[in-house]
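A structural walkthrough
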Amino acid sequence: MRWLHKFFMQWQMLIHRGRAGKQLQDELQFHLEQQIAENESAGMSREAARRAALRGFGNPATLRDQARDTWSWHGLELFLGDVRFGIRTLVRTPGFSVLAILVMGLGIGANVALFTVVHSVLLKPLPFKNQDRLVRLYEADSKGAMQDNVLAGGTFASWQAQARSFEGMAVKKGIDYNLSGSGGQLPELAHAQQASWNIFQLLGVDAAVGRVFLSNDDRRDANPTVILNWGLWKRRFGGDPAVIGKTILLDARPFTVIGVLPAWFSYPDPNVQLWTPIYHERSPQVMSMHTAHNLDAVARLKPGVTIDQATAELNTIQRQIRRQFPNGPVNDAANIRPILDAEVFRLKTGLYAMFAATGCLLLIACLNIANLLVARAATRRKETAVRTALGGSRARLIRGQVIESIVLSVAGGSLGLAFAQTALLWLVHARQDIPRADSIHIDGIVVLFTMGVMLVCGLVAGLIPALSSNDKQILRTLQESSRSYSGAKGGVRLRRVLLGLQVGLTVVLLTSAGLLLKTYTRLRSVDIGCATHDVLTMEINLPKGSYNTPAKIVTFYEQLVDRVRQLPGARAVAVGTILPGEGHQRDDVFTIREHPALPKGQVLDASTYFADPGYFNAMQIPLLQGRLFEADERLDRSSEVIVNQDFVRQFLKGENPLGKHIKAELVEVAEADTGLEIVGVVADTLENVSGAPVPIVYYPFYSGTQRSATLVIRTTTAPSGMALPAQQAIAGIDPGLAVANVLTMDQILGQSTIGASFDATLLLAFAVISLVLAAVGLFGVLSYIVAQRKAEIGIRIALGAQRPQVMRLMLRDGLQPALSGLVLGLIAATAVGQLIRSMLYGTRALDPAVYVVVSATLLITAILACALPAWRASRLDPMTALRME
Amino acid sequence: MGKPSDLVQGTLDLLILKTLSIEGRHGWAIAKRIQQISGEVLQVQQGSLYPALHRLEQQGWIKAKWAESETGRQAKFYSLTAAGRKQLDSETTHWARLSGAINLVVQES
């Protein structure tokens, strides 16, 4: 019962706090009156009675506070009082408050946005059961040359049969299918995955409708089956469960729909539209080779088995395989990565660097606000001193100040959260290459993080100025006459230190941004060895069903090139499988017929491109020796190849490459196993803008074995204008064909440098913001110092100091923290440069140009920021300055 | 008057509860009563009295109501609750044991 009463009392107190305060006042007043009455009746005069009573009573305010202390909500009451007081103080100086909230909002917003990305992409586990036991398997090189090679079908079969460390092992491979239109829908190119039947079991995913694959579906002679992803099912089939059992056409072949995956399932990426069984789709020969590397392997470790143990086991198996196949591209080791790490490890450095940069930005924002608060604390010294003298405890005063800055940071943080939301929308849009981008959103953890950041910022920004004043100063402040010629030294010193730190951090950000910017311009100015302007490309994928002979394929592409060439504005038209700058796509081993047999275990390897006769002209890749393909070298008569310069440099050094023959059994050209004659040598092109040239063999595209190709059109006008006519030309030949990735060459290169450009732009933005903040800080501090020392300056001028002299004096005062900050920042920047070395290209971590430009930028900014207050000081009229006090 | 005769820590609550066990009183009367009964030995300072009264009220041992005082002015009268009566009993027992023990020690030496 008593707890009920207590609860009731507390409830009463909470609601009637105001009335209770009045009643307490009344109660104490009554006591006082009683005492006075008693004193009077003892014979004192009215006045004496009152005074004696008051004396005995003590400090009524303190007494009231002591009584209130026993109330349940007193702490809350005080806190709310402080918050109210803080808000009132902030509202009274709207300029300062708005500025501080904006600065804080920007800092917190950037920080929260990057945290959201890091948390969603790098840290949040994939949504699979026991995902900590899910791993990706790779073939590797025991000498460490290659760590993440995809698996060959035969290797996967061996591992699956022999390894004991895993509960299960599955493979998948990305592929595009031509999904035929039905019921008036257009055909489309569907991104798909071919996978072994057990992949969904392994991941712990069940179908939302229908069923997942069974082992019977995953055989060459099984009925063709397909599983749809949720998105495709909704979009294309209206979410109708009756789709199960229906037939759809993939590459003009009928497949039976057996299931639909749940909406949350977006592995390996959200663009996947459907899944087919891999052993049904790929020939048993391919799936048993140890040399054709093209499968992504996913596995689940047995409970208790570590990655190291599993790697050791796979290494043993793989060494055995290598002994069995000493020739050809067969790896001799294995590598295992946790599944999440495998998806995102390439992004880690970049994202963490950006996150650290936002941390710096936030720290700068905090320091800036602390700096402003120190200035305010200085102007409110008298107020503080009076409050202390009246009995305000130091803890209470500090609490007041901290609460004030927490109010600022909470307001800033709320603004920042909105800002982060916008920034994330933009980021997800701008960086579609980020894996798991679909999982980037603000969730509970992010909100908690934001609250934590707000609290920390408030504490940092509030405690620095609060702790900088101490009790001893207070007495001095009260004693200080109003004619003080040298302002409070302590506050100024603290502000200088804060400024120095701020400038230092700014220098670190500027330098990192400079290094990344230089990397980016280096990347963009790389000459990849071919035409990049006015080139339009689009991918075409001929369906297997209707283009089942080389003759049909060749006829289609010849017709296409012919038609597009007729279009106005087309300067050169060609088809090929791979374009420079698209990254590494395919390589094959080969031997040179004229050379003696290689020692056991050694192989030659070159990138495999297919090109038509017009390819080199259209891409403007110069011919250095020999000739290009000719129009009549097609189908069975295509027994020539062209190589690039690097190929000659590596494999035919000092020999005449023309007339030599290449034997490449795995390449799908008729006479590849007996030897294809090298008829020409072309200049090098780059596969990656940040890479070196690699040897390339161009096989004749019109051998007719490649159904997928890229159409290249070099134009006389803006290339994008050619997209529609070219697509119409394609539809004119085969209306059922889908076209994908209509891109200009510039866009392709842009995509390959998007990471670098993004990092550089973002970091530069952060650096500029912090530079502005530092400049504002310098300006503020120096203006403050000038205002403080007005009288002193007036005396100096009156005593004959020259104005330039005064200006120099003040400039030195302002530039001193900037200089020490610069030195500090440069030292820290060299360390940071080492950390981000892996993100640099063609730029040294200690690039002198970057350091010089950064130092100059900072100094000029600092001088500009200090110039106005210093100039004002030198213009000071001594008479007004002296009279003002 | 120097410091009030130091009340043994925690005994003020007992004194207040005891004073209120006879009849409800306002704060001034409680202080007066304690002073009179103790033969002017125990001086209850306002600085201790009112915080103590409010604390006891929060605890639910005494309750307060506003009523007219003997001078006709509105005053806050405190009285014991049932829980307060129980608390008084237990504190009295406790005090008896404690003071008895102290007496034994003091007289022994």
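Note that residues are indexed from 1 along each chain, following the sequence as it is written. Each chain takes a letter, starting from A, and each ligand takes a number, starting from 1, following the order in which they are written. Reporting in this predicted model follows two pLDDT cut-offs: at least 70 for local features of residues, and 80 or more for side-chain atom pairs to be given and counted; totals over whole chains, interfaces and linings ignore these cut-offs and use all residues.

A separate point is the overall build of chain B. Looking only at helices and strands, chain B has 4 helices and 3 strands in total. In chain B, the succession of α and β elements from N to C terminus is α-β-α-α-β-β-α. Residues with at least 20 neighbouring C-beta atoms inside 10 Å of their own are called buried, those with 12 or fewer are called exposed, and the rest are partly exposed, where every C-beta is derived from the backbone. The buried share of chain B, reckoned over its 109 residues, is 29%. Once C-beta atoms have been placed from the backbone, residue pairs whose C-beta atoms lie within 7 Å are recorded as contacts. If you take every contact in chain B between residues at least 6 apart in sequence, the share linking residues at least 24 apart comes to 51%. Runs of E in the DSSP output that reach at least two residues are strands. Runs of H or I that reach at least four are helices, and both are numbered from the N terminus.

This part takes up the overall build of chain A. Of the regular secondary structure elements, chain A holds 29 helices and 22 strands. In this setup the radius of gyration rests on C-alpha atoms only. A globule is expected at 2.2 Å times the number of residues raised to 0.38. Taken over C-alpha atoms, the radius of gyration comes to 38 Å for chain A, far larger than the 29 Å a tight globule of 885 residues would show. By its C-alpha atoms, chain A is 135 × 85 × 55 Å across when sized along the principal axes. Across the 885 residues in chain A, those meeting the buried criterion constitute 41%. Residue pairs at least 24 apart in sequence account for 83% of intrachain contacts in chain A once pairs closer than 6 positions are excluded.

All names here are of chain A. Judged by nonpolar contacts, the single largest core of 173 residues is most densely connected at A365, I369, L509, V712 and L763. Start and end positions for the domains come from either an automated domain assignment or a database one. Built from parts of two domains, this core gets at least three residues from each of domain 3 (348-524 + 754-884) and domain 4 (544-736). Discounting residues that sit within four places of it in the chain, V712 has contacts with V535, T537, V573, A574, V575, G576, L579, A618 and M619. Under the definition applied here, buried Ala, Val, Leu, Ile, Met, Phe, Trp, Tyr and Cys residues are grouped into a nonpolar core through C-beta atoms within 7 Å. Grouped together as the second largest cluster of nonpolar side chains are 59 residues, Y177, V257, V272 and L301 included.

Further remarks concern the interface of chain B and chain A. On the chain A side, the residues contacting the 15 residues of chain B number 19 residues. Among the elements that line the side of chain B that touches chain A, the one with the most residues is helix α3 (residues 46-59) of chain B, at 7 residues. The nonpolar class holds Ala, Val, Leu, Ile, Met, Phe, Trp, Tyr, Cys and Pro. Asp, Glu, Lys and Arg form the charged class, and all remaining residues, Gly among them, are polar. Looking at side-chain class alone, the side of chain B that touches chain A contains 5 nonpolar, 7 polar and 3 charged residues.

Time to look at the sheet that holds strand β1 (residues 25-26) of chain B. An order of β1-β3-β2 (chain B) is seen for the 3 strands of this open sheet, with the pairing classed as antiparallel. The sheet terminates laterally at β1 and β2 (62-68) of chain B, the two strands that pair on one side only. A pair of strands counts as paired when DSSP detects no fewer than two bridges linking them.

Turning our attention to the packing of helix α6 (residues 94-123) of chain A against helix α16 (residues 394-430) of chain A. Residue and element names in this part refer to chain A. Only the contacting stretch of a helix is used when fitting its axis, a line to C-alpha atoms as for every element, and angles between N-to-C directions run 0 to 180 degrees. At a minimum axis distance of 6 Å, the contact between α6 and α16 shows a crossing angle of 45 degrees. One element, α6, and the other, α16, form an angle in the oblique class. In this structure, the crossing between α6 and α16 has a hand that is right-handed. For the contact of α6 with α16, the per-class residue count stands at 17 nonpolar, 7 polar and no charged. Here is the rule for angles: anything less than 35 degrees is roughly parallel, anything more than 145 is roughly antiparallel, 65 through 115 is roughly perpendicular, and the remaining ranges are oblique. Left-handed describes a crossing whose near helix is turned anticlockwise from the far helix by less than a right angle; the clockwise case is right-handed.

As a further point, take the environment of E687 of chain A. By the secondary structure assignment, E687 of chain A is in the loop between β19 (676-682) and β20 (696-700). Counting along the chain gives 429 residues from E687 of chain A to I258 of chain A, while the straight-line C-alpha distance between them is 40 Å.

This part is about the confidence of the model for chain B. Predictor confidence is given residue by residue as pLDDT, running from a minimum of 0 to a maximum of 100. Per-residue confidence for chain B gives a mean pLDDT of 82, with 90% of residues at or over 70. By mean pLDDT, the top-scoring element of chain B is helix α4 (residues 82-108) of chain B (89), and the lowest-scoring one is α3 of chain B (83).

This part takes up the pairing of strand β17 (residues 640-644) of chain A. Residues and elements named next belong to chain A. Most of β17 sits out of view: 5 of its 5 residues are buried. Side-chain alternation along β17 places E640, I642 and N644 on one buried face and V641 and V643 on a second face that is also buried. The pairing of β17 with β19 spans 5 bridges and is classified as parallel. What sits directly across from V641, in β19, is I678. Sheet topology note: the β17/β20 ladder contains 2 bridges and is antiparallel. By the bridge assignment, I642 is partnered in β20 with Y698.

The next thing to look at is the domain arrangement of chain A. If you check the domain split of chain A, you get domain 1 (2-72), domain 2 (150-330), domain 3 (348-524 + 754-884) and domain 4 (544-736). Here the C-alpha centroids of domain 1 of chain A and domain 4 of chain A sit 98 Å apart.

With that settled, the discussion passes to helix α2 (residues 27-37) of chain B. Within the span of α2 of chain B, buried status applies to G27, W28, A29, I30, A31 and I34 of chain B. Check the buried side of α2 of chain B and you find it contacts α2 (17-41) of chain A together with α1 (11-22), β1, α3 and β3 (74-80) of chain B. Note on α2 of chain B: the residue one or two positions beyond its end, G39 of chain B, has a positive phi of about 65 degrees.

Here the focus is unusual backbone geometry. All names here are of chain A. The linkage connecting Y267 with the following residue, P268, adopts the cis geometry, with an omega of -5 degrees. Within the secondary structure, P268 sits in the loop between β8 (253-260) and β9 (274-277). Even without being glycine, D534 reaches a positive phi, approximately 55 degrees. Take D534: it is sitting in the loop between α19 (489-524) and β12 (535-541). Of note, the phi angle at Q620 is positive, near 55 degrees, even though the residue is not glycine. Tracing the backbone through its elements, the reader meets Q620 in the loop between α21 (615-618) and β16 (623-626). On the neighbour-count criterion, Q620 (14 C-beta atoms within 10 Å) is partly exposed.

Now for the pairing of strand β7 (residues 247-250) of chain A. Covered by surrounding structure in β7 of chain A are I248 and L250 of chain A only, the residues T247 and L249 of chain A on the alternate face being uncovered. Taking the residues between adjacent antiparallel strands as the criterion, β7 of chain A and β8 of chain A are bridged by 2 residues, where D251 of chain A takes a positive phi near 50 degrees.

T384, A385 and T388 of chain A are the residues of helix α15 (residues 381-389) of chain A that are buried. Across the axial projection of α15 of chain A, the buried residues extend over an arc of 100 degrees, all falling on one side. Throughout, the arc means the angular range of directions from the helix axis out to the C-beta atoms.

Further remarks concern the environment of R25 of chain B. As for its position among the elements, R25 of chain B is in strand β1. Separated by 67 residues in sequence, R25 of chain B and T92 of chain B have C-alpha atoms that sit 20 Å apart.

This brings us to the environment of F449 of chain A. All names here are of chain A. Within the element layout of this structure, F449 appears in helix α17 (residues 444-468). Residue classification places F449 among the partly exposed residues on the basis of 17 C-beta atoms within 10 Å. Linking F449 and N111, residues 338 residues apart in sequence, is a C-alpha distance of 9.9 Å. Beyond its immediate chain neighbours, meaning those up to four positions away, F449 contacts V112 and F115.

Angle between the axes and distance between the axes: these two values describe a pair of packed helices. All names here are of chain A. Running from N to C, α6 and helix α14 (residues 348-379) point in directions that differ by 160 degrees, and their axes come no closer than 9 Å. Taken as axis vectors, α6 and α14 run roughly antiparallel relative to one another. Of the two elements, α6 crosses α14, and the hand of that crossing is left-handed. For the contact of α6 with α14, the per-class residue count stands at 22 nonpolar, 5 polar and 1 charged.

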